[in-house]
Amino acid sequence: MDEEQILHLCMQAGCLLLRCGGETSRVEQTIAHMSIGAGAAPGSVHSFVTPTGIFVSMTTETGTTTRLTRVSGPARMDLSKVTRINDLSRRLQRGAYTVTEALAELDRIETFAPLYPRWIQMLAAACSSGSFTVIMGGRPLDFLFGAAGGLLAQEITGWLTQYAPRFFAVLLAALGGALLAVASSAFGFTHHEGAIIIGAILPLLPGLAVTNSIRDLLAGDLVAGVARGAEAVFTAAAIAVAVAVAIGVSPHLA
Amino acid sequence: MIIIVLSMVATVSFAILYQIPARAIVSVGCLGAVAELFAFAAARYHVGQVAASFAASLVVSLLSEALARVQRMPVTVFAVPGIIVLVPGMQAYAAMKDFVVHQYVLGLATGTQTVLIAGALASGLVIAGVLARSVWRPRIHESD
């Protein structure tokens, strides 16, 4: 048993989980389970996880080793990676992996290409927005406008999150989607601009942030829960502002 | 009927945006349909929207917790896409629209309703989470 290696494994798994959209309570739990699976004595590894950083410390007879990692903003949400790490930790605990094998497996998970290729994701963005437009009372034809708006919003966020804070990206993306909806209505293609706006911005809603925030609060992770909640509120506010701007502009178009 | 199918399409597409594992897709689609069915039935029998949202969210979250344990995947895989069709988009939009045209009182009324519905969705998640945690004692690692 090598404590450096165990801590390294815990850190790697924790960072990856956090960046792919896992809750902090899950990260703490996974670190605890993985360290035991890797051979640490139960209760010798303690972790404190926040949405932006991980602290892990391990106590042995020779002393205490502590590691700290700063986790920079979420990469892309990827719940399939979260599931895979979950499986890995479970198997490690059952003894199906050694620590070295687990580290290799973790690297493999990290470098996995997204489960669904880019064109499927674009199709999914378009389909979800189009379907929501119709569910919210649009005509079948409005599916197309909603889909276009959703695709536009999705592409803008995907591109902008690399350069700007997330909620600024969401603001501009929602603005793009909503303006497209307003324009299609102003030029007389449709009368359901409301339904189209909703469809276009729906994929931007902070659904995962809200769910994670609630689950963290339930698990007693107050810091993480409140932080995630604030993120969700900011994102929702950004969307609201974008929609307000688009509606305000609409009477002056065409 | 077409609405139910569309809500399944919407839910599954949403799930793909979050990159959920392929073997969860069918169950997630069914969750979306269940949620929409609830919203539909509530409108039919004139149940208040807040109450209906709460009931639907509770059922969807409980199903998510159960599915997560059966399929051994994180709960978020099911709960996040499953609940999305219940989001009060129309009310939020109407409230913003009222504010923009200076109908502040109307906007406040619709806005309050939006917040209440969102709160109902969140409480559904919370209660399902608490129930699940107390019924299924976290075994070594199978809990979530």
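Residues numbered from 1 in each chain as written. Chains lettered and ligands numbered in written order. Predicted model: local features only at pLDDT ≥ 70, side-chain atom pairs only at ≥ 80, totals over all residues.

### Let's talk about the overall build of chain B
The cut-off we apply is this: Each helix corresponds to a stretch of at least 4 residues labelled H or I by DSSP, and each strand to a stretch of at least 2 residues labelled E; elements are numbered beginning at the N terminus. Counts of 20 or more other C-beta atoms within 10 Å of a residue's own C-beta define buried residues, counts of 12 or fewer define exposed ones, and intermediate counts define partly exposed ones; C-beta atoms are placed from the backbone. The contact rule is simple: place each C-beta atom from the backbone, and if two of them lie within 7 Å, those residues are in contact.
Looking only at helices and strands, chain B has six helices and zero strands in total. Its helices and strands taken in sequence order, chain B reads α-α-α-α-α-α from the N to the C terminus. Referenced to the eigenvectors of the C-alpha coordinate spread, the extents of chain B come out at roughly 55 × 30 × 30 Å. The burial tally for chain B puts 52% of its 144 residues in the buried class. Look at the contacts in chain B between residues 6 or more apart in sequence, and 67% of them connect residues 24 or more apart.

### A look at the sheet that holds strand β2 (residues 53–60) of chain A
Residue and element names in this part refer to chain A. Formally: Pairing between strands requires that DSSP locate at least two bridges from one strand to the other. Structural elements are reduced to axes, namely lines fitted to C-alpha atoms, with helices fitted over the stretch in contact, and the angle between N-to-C directions of any two is expressed from 0 to 180 degrees.
Sheet architecture is open: three strands sit in the order β1-β2-β3, paired in antiparallel fashion. Looking at which strands have only one partner, the edges of the open sheet turn out to be β1 (45–50) and β3 (63–70). Going from strand to strand, the sheet's axes swing by 10° on average, the running direction of each strand aside. Relative to β3, β2 is paired through eight bridges, and the arrangement is antiparallel. Paired with M58 across the strands is T65, a residue of β3. The sheet strands contacting helix α1 (residues 3–19) are β1, β2 and β3, and the helix crosses β2 at an angle near 155°.

### Topic: helix α8 (residues 193–201) of chain A
Taken across its nine residues, α8(A) has nine buried, putting it largely inside the fold. Taken as a whole, α8(A) has its buried residues at E193(A), G194(A), A195(A), I196(A), I197(A), I198(A), G199(A), A200(A) and I201(A). Looking at the buried side of α8(A), the elements it contacts are α5 (118–135), α6 (142–160), α7 (166–186) and α10 (222–249) of chain A together with α5 (89–100) of chain B.

### Description of the pairing of β2(A)
Residues and elements named next belong to chain A. Pairing of β1 with β2 involves six bridges; the strand directions are antiparallel. When the bridges of β2 are listed, H46 appears paired with S57. A loop of two residues connects β1 with β2, the two strands running antiparallel in sequence. Hairpin remark: β2 followed by β3, antiparallel, with two residues in the connecting loop.

### A word on the environment of A35(B)
Relative to the elements of secondary structure, A35(B) occurs in helix α2 (residues 25–44). Residue classification places A35(B) among the buried residues on the basis of 24 C-beta atoms within 10 Å.

### Topic: the interface of chain B and chain A
The condition is simple: All residues other than Ala, Val, Leu, Ile, Met, Phe, Trp, Tyr, Cys, Pro, Asp, Glu, Lys and Arg, Gly among them, are scored as polar; the first ten of these are nonpolar and the last four charged.
Chain B puts 38 residues into the contact, and the matching count from chain A is 45 residues. Those elements that place two or more of their residues in the side of chain B that touches chain A are α1 (2–17), α4 (75–83), α5 and α6 (104–135) of chain B. Looking at the side of chain B that touches chain A element by element, the count peaks at nine residues for α1(B). For the side of chain B that touches chain A, the per-class residue count stands at 29 nonpolar, seven polar and two charged.

### A few points about the domain arrangement of chain A
Many authors give the size of an interface as the accessible area that is lost as the parts come together. Residue and element names in this part refer to chain A. Here is the rule we go by: Delimitation of the domains relies on an automatic or database domain assignment.
By domain assignment, chain A separates into domain 1 (3–111) and domain 2 (118–252). The distance between the C-alpha centroids of domain 1 and domain 2 comes to 33 Å. With nine residues of domain 1 at the interface, the matching set in domain 2 holds 11 residues. Where the side of domain 1 that touches domain 2 is concerned, the elements lending two or more residues are α2 (24–37) and β1. Among the residues forming the side of domain 1 that touches domain 2, the class breakdown is three nonpolar, five polar and one charged.

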